[in-house]
Amino acid sequence: MTRESLALKKKRVALIIDALNRTYPEAACTLDHRSPFELLAATILAAQCTDAKVNTVTPELFRRWPDAFAMASADSREVEDIVHPLGFFRQKSKSLIEMSREIVLNHNGEVPSTLTELTKLRGVGRKTANVVLDACFGGAGGAGIVVDTHCKRISRRLGLIGRETDPTRIEFALMNIIQSSDWPVYGHLMVWHGRAICLARRPLCEVCPVLQWCPEGKIRTGGMKL
Ligand code: SF4
C-alpha cells in the first residue's frame with residue numbers, strides 16, 4: 001500500500017468532516033450544563049461513565065452546589081451520596097471539591113479560560129479542559145481536540161493516526177491534519193458517529209457516510225465501491 005502524503009490526508013479528512021457535518025448537523029456537547037463550572041464538574045463526573053447517566057445526577061448536584069464557592073465548602077459525604085451511581089464516587093467527589101477550592105483560591109471563583117490554567121486543576125486533564133474550552137469559550141485559550149474513546153477508535157479506523165495510542169500524541173497528530181476551525185466540531189462528530197454508526201464492536205460500514213474515505217471500512221466491506 002502506498003503511503004498517503006500529508007496533503008492528501010488533509011484533503012481526505014476535510015471530506016470526512018464535511019460528510020459527517022451533513023450527517024450530524026446537530027452534533028454538540030451532550031452533557032447538560034448552564035455555566036463553565038457546571039460543564040467542568042459534569043466532565044469530571046463523566047470519566048468511565050456515560051453522559052446520559054451524568055445528566056441524571058447533575059440537576060440535584062448543581063441545585064445544592066451551583067458554583068465553585070458552594071462546592072468548595074461542600075461535605076464530601078453528601079457529594080458522594082449524589083454522585084454514587086456514576087462509579088468512582090469517592091475520587092470524583094474529592095476532585096469536585098478540591099477543584100472548586102483551587103478555583104476559589106486562585107481564580108476568584110471563576111473557571112479559568114486557558115488550557116494551561118485548566119490542566120493545573122485537580123482532576124482536569126487535556127480532554128476535560130478541551131471540552132470546556134470548546135463548549136464555553138469558543139475553542140479559545142489554546143484548546144485542541146477532544147480525544148475520547150470514540151475519537152481514538154474512529155480516527156484509527158479512518159487511518160488518521162496510525163497505531164498511536166497515547167491521547168496527547170493522537171491529539172497533536174489530528175491537529176496536524178485538521179484545520180483549526182474544525183477542531184471543536186471534530187470531537188463532537190466522533191462521539192455522535194461512534195454512537196450511531198461506527199460502533200465499537202460492529203461498525204455499520206455499509207451505511208456509513210464516510211465509507212469511501214475509510215481504509216478499515218473498505219476492508220470490512222470487501223472493498224465496496226460507491
Ligand atoms: Fe467506521 Fe466503518 Fe464508517 Fe469506517 S466505514 S468510519 S469503520 S463505520
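Every chain's residues receive numbers from 1 upward, in the order its sequence appears when written. In view of the model being predicted, local features appear only for residues whose pLDDT reaches at least 70, and side-chain atom pairs are presented and counted only at 80 or more, with totals across whole chains, interfaces and linings using the full set of residues. Note that the side-chain values use all heavy atoms of the structure and ignore hydrogens as well as water.

Draft legend 1. Molecular detail of the side chain of Ser93. Within the element layout of this structure, Ser93 appears in helix H6 (residues 89-107). The contact definition used throughout considers only heavy atoms, calling two residues in contact when any of these lie within 4.5 Å. Look past the residues within four positions of Ser93 in its chain and what remains in contact with it is Ser76, Val79, Glu80 and Val83. Every helix listed is a DSSP run of H or I at least four residues long, and every strand listed is a run of E at least two residues long, numbered separately from the N terminus.

Draft legend 2. Fine view of the packing of aromatic side chains. Two rings from Phe, Tyr or Trp (for Trp, the six-membered ring) form a pair when their centres are within 6.5 Å of each other. A pair whose planes differ by under 30 degrees is stacked, one over 60 is edge-to-face, and the rest are tilted. Here the structure, examined in full by the defined rule, presents one aromatic pair. Note on Phe37 and Phe62: the rings are 6.4 Å apart at their centroids and 65° apart in plane angle, and the pair reads as edge-to-face. Here the residue Phe37 occupies a position in helix H2 (residues 36-45), and Phe62 occupies one in helix H3 (residues 51-64), the gap between them amounting to 25 residues. For the pair formed by Phe37 and Phe62, the shared burial category is buried. A 1.4 Å probe rolled over the protein chains alone gives each residue an accessible area, and that area as a share of the maximum for its type sets the label: buried under 20%, exposed over 50%, partly exposed in between.

Draft legend 3. Structural view of H2. Counting buried positions along H2 gives nine out of ten residues, so the element sits mostly inside the fold. Those residues of H2 that fall on the buried side of the exposure criterion are Phe37, Glu38, Leu39, Leu40, Ala41, Ala42, Thr43, Ile44 and Leu45.

Draft legend 4. Highlighting the packing of helix H5 (residues 76-83) against H6. To get an axis, fit a line to the C-alpha atoms, keeping to the stretch in contact for a helix; angles then go from 0 to 180 degrees between the N-to-C directions. Look at H5 against H6: their axes get within 9 Å of each other, and the N-to-C directions meet at 125°. In terms of axis orientation, H5 runs oblique to H6. Judged by the twist between their axes, the crossing of H5 over H6 is right-handed. Taken together, the residues of H6 that come into contact with H5 (itself represented by Ser76, Val79, Glu80 and Val83) are Phe89, Arg90, Ser93, Leu96 and Ile97. Nonpolar residues are Ala, Val, Leu, Ile, Met, Phe, Trp, Tyr, Cys and Pro. Charged residues are Asp, Glu, Lys and Arg, and all others, Gly as well, are polar. By residue class, the composition of the contact of H5 with H6 is five nonpolar, two polar and two charged. Each angle gets one of four labels, with under 35 degrees taken as roughly parallel, over 145 as roughly antiparallel, 65 to 115 as roughly perpendicular, and the rest as oblique. The crossing is said to be left-handed when, going from far helix to near helix, the turn is anticlockwise and less than a right angle, and right-handed when the turn is clockwise.

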